[in-house]
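# Structural features, examined
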Amino acid sequence: MKPIDKKNVFFQYIDRLNAPLEVFMLEETPSGAGVSPHWHYYLEKLYILKGDLQAQCDNDFYMLHPGDLILFYPQAVHSMHRAPESKEDVEYFVIMIDLNFLNITNEYRTRFSKLFRIAYQQNPDYIHFRRTELQELPILQLLSHSLEEKRTHSYGYDVLICSNIASLLTYLMRCLQKKGVDTDTIITAPDDCDASIYSISKYIEQHCGEPLRVHELAQMCGMSYSYFAKLFRETYNQSCKEYIEFTRINKATDLLLFTNQDLTYISQETGFADCSHLIRTFKKWKGMTPKQWKKTLK
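Residues numbered from 1 in each chain as written. Predicted model: local features only at pLDDT ≥ 70, side-chain atom pairs only at ≥ 80, totals over all residues. Heavy atoms only, no water.

## Overview of a nonpolar patch on the surface
Judged by side-chain polarity, Tyr155, Leu257, Phe258 and Leu297 come together as a nonpolar surface patch covering roughly 440 Å² of accessible area. Among the secondary structure elements, Leu257 is positioned in helix 9 (residues 240-258). Given the relative accessible area of 33%, Leu257 is considered partly exposed. (Patch = residues over 30% accessible without salt bridge, like charges linked within 9 Å, V, L, I, M, F, W, Y side chains within 5 Å. Areas by Shrake-Rupley, 256 points an atom, 1.4 Å probe, with all protein chains shown as cover. Salt bridge = Lys/Arg side-chain N within 4 Å of Asp/Glu carboxyl O. Helix = DSSP H or I, 4+ residues; strand = E, 2+ residues; numbered from the N terminus. Buried < 20%, exposed > 50% of the residue type's maximum accessible area, 1.4 Å probe, protein only.)

## Some points on the nonpolar core
Ranked by internal contacts, the top residues of the largest apolar core, which has 34 residues, are Ile97, Leu102, Phe116, Phe129, Leu134, Leu169 and Leu176. For this core, the secondary structure elements donating two or more residues are strand 2 (21-28), strand 4 (43-50), strand 7 (69-72), strand 9 (90-97), helix 1 (106-122), helix 3 (139-152) and helix 4 (157-178). Apart from residues no more than four positions distant in its own chain, Phe116 is found in contact with Leu71, Tyr73, Ile127, Phe129, Leu169, Leu172, Met173 and Leu176. Among the nonpolar cores identified, the runner-up in size contains 20 residues, and Tyr42, Leu46, Leu64 and Tyr73 belong to it. (Core = buried A, V, L, I, M, F, W, Y, C linked by side-chain atoms within 4.5 Å. Contact = heavy atoms within 4.5 Å.)

## Some remarks on helix 9
Here helix 9 spans 27 Å end to end across 19 residues, near enough to the 27 Å set by a 1.5 Å rise per residue. Looking only at helix 9, the buried set comprises Cys240, Tyr243, Ile244, Glu245, Phe246, Thr247, Arg248, Ile249, Ala252, Thr253, Leu255 and Leu256. (Expected span 1.5 Å × (residues − 1).)

## Some details on the pairing of strand 7
Side-chain alternation along strand 7 places Leu69 and Leu71 on one buried face and Ile70 and Phe72 on a second face that is also buried. Sheet analysis places strand 4 next to strand 7, joined by 4 bridges and oriented antiparallel. Its bridge partner being in strand 7, Leu46 is matched across the sheet by Ile70. As paired elements, strand 7 and strand 10 (residues 128-129) share 2 bridges and run antiparallel to each other. Each bridged residue has a counterpart across the sheet, and for Ile70 the counterpart in strand 10 is His128. (Pairing = 2+ DSSP bridges.)

## Digging into the packing of aromatic side chains
Counted according to the given criterion, the structure contains 7 aromatic pairs. Between Phe232 and Tyr243, the aromatic rings sit 5.6 Å apart at their centres with planes inclined by 75 degrees, giving edge-to-face as the arrangement. One end of the pair, Phe232, is in helix 8 (residues 225-236); the other, Tyr243, is in helix 9, with 11 residues separating them in the sequence. In terms of burial, Phe232 and Tyr243 fall into one category: buried. (Phe/Tyr/Trp six-rings, centres within 6.5 Å; stacked < 30°, edge-to-face > 60°.)

Treat this as a map of the structure, not an account of what it does.
If you want it as structure tokens, here you go:
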């Protein structure tokens, strides 16, 4: 493998609202072309089942064997190919998730996003977890269960997969600690992003049923509107307005799933001006009305 030519890197678009997580298996034969250098806003994990895989993150190279796992943090440029000397097909699990969708506290979402990115900057080897490090952990069971849940699409499948992913990430954090990584120092260390830009998402989640104005959120963070808007997009990979809508739609889908409340009530609880506003916004994000969406679950 050679250093990544930035001109040949592509952005992999994924619909992060309608497909906030992906779980699948890939198989590459000797005639396969592999996966070219690309990046996306998902956190991605590969777990090797069979064969040897060459992976690349930015300009660092990895040889992965059965039982190994590699993690690519959001926006990392990465690629993967079957090792040329490997005489057998390569099979591996792939899990991709938008960390905003992970059903954990905002504090832990921030920890996961920050920890693996900064750990990689300290030592590129820290994103490569070898079989000997993982053999006592239920990694394969968590991955297999997630794949089966994704395949069957049974009620609450996404909740169970998110639980599995949170467990996986926690185990990997523990592996880093065993390698000698001071995770507490990394988590509390100053970052390029101001701490208030992280905490504001928690405020949005707690107050999404109330009127929220971007310029007022910027003032709460002690920033100008333009700087806040720029920093928010860099941190959350979407505008603040989109994040507010994203949060409200997620809350609306929960109410549609778990209550029998009508759309008027749901629109009031989720910060929409009225029922029509909710329907328009829901259709924009989901491609269908709330009523149509609910029918797809039956």
